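Secondary and tertiary structure notes
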Amino acid sequence: NNTTGSEKAHPQLYRKAVEGGLWVFALRGVTQALSFVRFIILANMLGKENMGLIGVALLVMQVLKIFSNTGFHAALIQKKEDIDQYLDSAWTLGIIRGVVLLVILYFAAPVFAQIKVPAEKVAITINIIRVVGISFVIQSLGNIGTIYFSKDLNFNRHFLFQVVATLLDVIVTIAIVLIYK
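Basis of the calculations
Residues numbered from 1 in each chain as written. Predicted model: local features only at pLDDT ≥ 70, side-chain atom pairs only at ≥ 80, totals over all residues. Heavy atoms only, no water. Helix = DSSP H or I, 4+ residues; strand = E, 2+ residues; numbered from the N terminus. Rg over C-alpha atoms; globule rule 2.2 N^0.38 Å. Buried < 20%, exposed > 50% of the residue type's maximum accessible area, 1.4 Å probe, protein only. Contact = heavy atoms within 4.5 Å. Areas by Shrake-Rupley, 256 points an atom, 1.4 Å probe, with all protein chains shown as cover. Lys, Arg positive; Asp, Glu negative; His and termini not counted. Charge placed at Lys NZ, Arg CZ, Asp CG, Glu CD. Expected span 1.5 Å × (residues − 1). Bend = angle between axes of the 7 residues up to and from the residue. Salt bridge = Lys/Arg side-chain N within 4 Å of Asp/Glu carboxyl O. Patch = residues over 30% accessible without salt bridge, like charges linked within 9 Å, V, L, I, M, F, W, Y side chains within 5 Å. pLDDT = per-residue confidence, 0-100. Phe/Tyr/Trp six-rings, centres within 6.5 Å; stacked < 30°, edge-to-face > 60°. Axes fitted to C-alpha atoms, helices over the stretch in contact; angles between N-to-C directions. Parallel < 35°, antiparallel > 145°, perpendicular 65-115°, else oblique. Left-handed = near helix turned anticlockwise from the far one by under 90°.

Summing up its helical and strand segments, the protein has eight helices and zero strands in all. Overall, the protein shows an N-to-C arrangement of helices and strands of α-α-α-α-α-α-α-α. The C-alpha atoms of the protein give a radius of gyration of 20 Å, which is well past the 16 Å a tight globule of 181 residues would have. Counting all 181 residues of the protein, 28% fall into the buried class. By sequence separation, contacts in the protein at least 24 residues apart represent 77% of the contacts at least 6 residues apart. Carbon and sulfur atoms form 67% of the exposed surface of the protein, whose accessible area is close to 12100 Å². Computed over 16 positive and 10 negative side-chain charges, the separation of the two mean positions in the protein equals 7 Å.

What follows covers helix α5 (residues 84–112). Under the 1.5 Å per step criterion, the end-to-end length of α5 is 39 Å for 29 residues, consistent within 8% with the ideal 42 Å. The largest bend in α5 amounts to roughly 40 degrees and is located at tyrosine 106, with the proline proline 110 lying one to four residues further along. Along α5, the residues classified as buried are Leu87, Ala90, Ile95, Gly98, Leu101, Leu105, Ala108 and Ala109. The inward-facing, buried residues of α5 abut α3 (48–67), α4 (72–78), α6 (122–140) and α7 (147–151).

In the structure shown here, the tally under the stated rule is three salt bridges. With its nearest N and O atoms 2.3 Å apart, the salt bridge here joins arginine 38 to aspartate 169. Taken together, the positions of arginine 38 in helix α2 (residues 11–46) and aspartate 169 in helix α8 (residues 155–180) put the pair 131 residues apart, joining distant regions of the chain. Between glutamate 81 and lysine 79 there is a salt bridge, with the nearest N and O atoms lying 2.8 Å from each other.

Time to look at α8. Spacing of three or four residues puts side chains on the same side of an α-helix, whose turn is 3.6 residues. The end-to-end C-alpha distance of α8 is 37 Å, a good match for the 38 Å that 26 residues give at a rise of 1.5 Å each. Along α8, the residues classified as buried are Phe155, His158, Phe159, Val163, Thr166, Val170, Ile174 and Val177. Its buried side turned inward, α8 meets α2 and α7.

Once that is clear, we can look at a nonpolar patch on the surface. Together, Phe72, Leu93, Ile96, Val100 and Ile104 line one region of the surface with nonpolar side chains, adding up to about 400 Å² of accessible area. Here the nonpolar patch gets four residues from one element, more than from any other, and that element is α5. Along the chain, the position of phenylalanine 72 falls in helix α4.

What follows concerns the confidence of the model for the protein. Confidence in the prediction of the protein, expressed as mean pLDDT, is 84, and 94% of residues score 70 or more. The lowest-confidence element of the protein is helix α1 (residues 5–9), averaging 59 in pLDDT; the highest-confidence one is α5, averaging 91.

Let's shift gears to the packing of aromatic side chains. Per the stated rule, a full pass over the model turns up three aromatic pairs. Measuring from ring centre to ring centre gives 5.1 Å for tryptophan 23 and phenylalanine 159, while their planes differ by 55 degrees; the resulting arrangement is tilted. Taken together, the residues tryptophan 23 in helix α2 and phenylalanine 159 in helix α8 connect sequence positions 136 residues apart. With relative accessibility at 33%, the residue tryptophan 23 sits in the partly exposed group. Plain terms: the ring middles of phenylalanine 149 and phenylalanine 161 are 6.3 Å apart, the flat faces sit at 65 degrees to each other, and that makes the pair edge-to-face. Remark: phenylalanine 161 occurs in helix α8 and phenylalanine 149 occurs in helix α7; sequence separation between them is 12 residues. Of the residues examined, phenylalanine 149 reaches a relative accessible area of 18% and is grouped as buried. For phenylalanine 161, a relative accessible area of 36% corresponds to the partly exposed category.

α5 packs onto α3 with a crossing angle of 135 degrees between their chain directions and a minimal axis gap of 11 Å. Of the possible angle classes, the one that applies to α3 and α5 is oblique. Considering how the two elements wind past one another, α3 and α5 form a crossing that is right-handed. Judged by residue contacts, Val56, Val60, Leu64 and Lys65 of α3 engage Arg97, Leu101, Ile104, Leu105 and Phe112 from α5.

The structure is reproduced here in C-alpha cells:
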C-alpha cells in the first residue's frame, strides 16, 4: 500500500489538498492564458514601441508590489482562530498600501520613465506609469473575505472569482485601448 500515515489519518484533508492543488494549477494556466491573449491583442493594437512603454510601467509596478507585500493575507490564512476581527484592519491597511504606492508612482514616474525610454517618449511614459498606478488602489478595494476561499481550501470558488476578475481586467484593458488609442 502506497498511502502515507497522514493520508490514512486525514483522508478528507488529503483529498481537499489534492483538489486544491489542481484548482490552483488550473487557475495559473487560465490566468496566464488570458494575460497572454491580452498581451497579443494589445501588442497588435499598440505596436512594439508603445508596448515597451507599457512594459516599463508594468515592471516598475511589479517591483513595487513585490517589495511592499505586507504578508497579511498569508498570516490570516494560516491563523488557526477566527479571523473576522482582523479582516477590517487588513483591508484598511491594504487600501493605505495602495494609496501610498500610487503616490510613490505618481511622484517617482519621471525617474522611472528614464529607464530605457527614448527622450521623445518620456512624457507619455510618465503618464502611463501614473495611470497604471491607479490599479494599486483599485486592487486594494477587493473583497478581503476571499481569504476564506484559501483558508477553507475552497479553491474552486477562488478559481471562479480570480478567473472572472482576470477576464474583466482583460476586457476593460482592451476597451480602454480601443477608446483612447
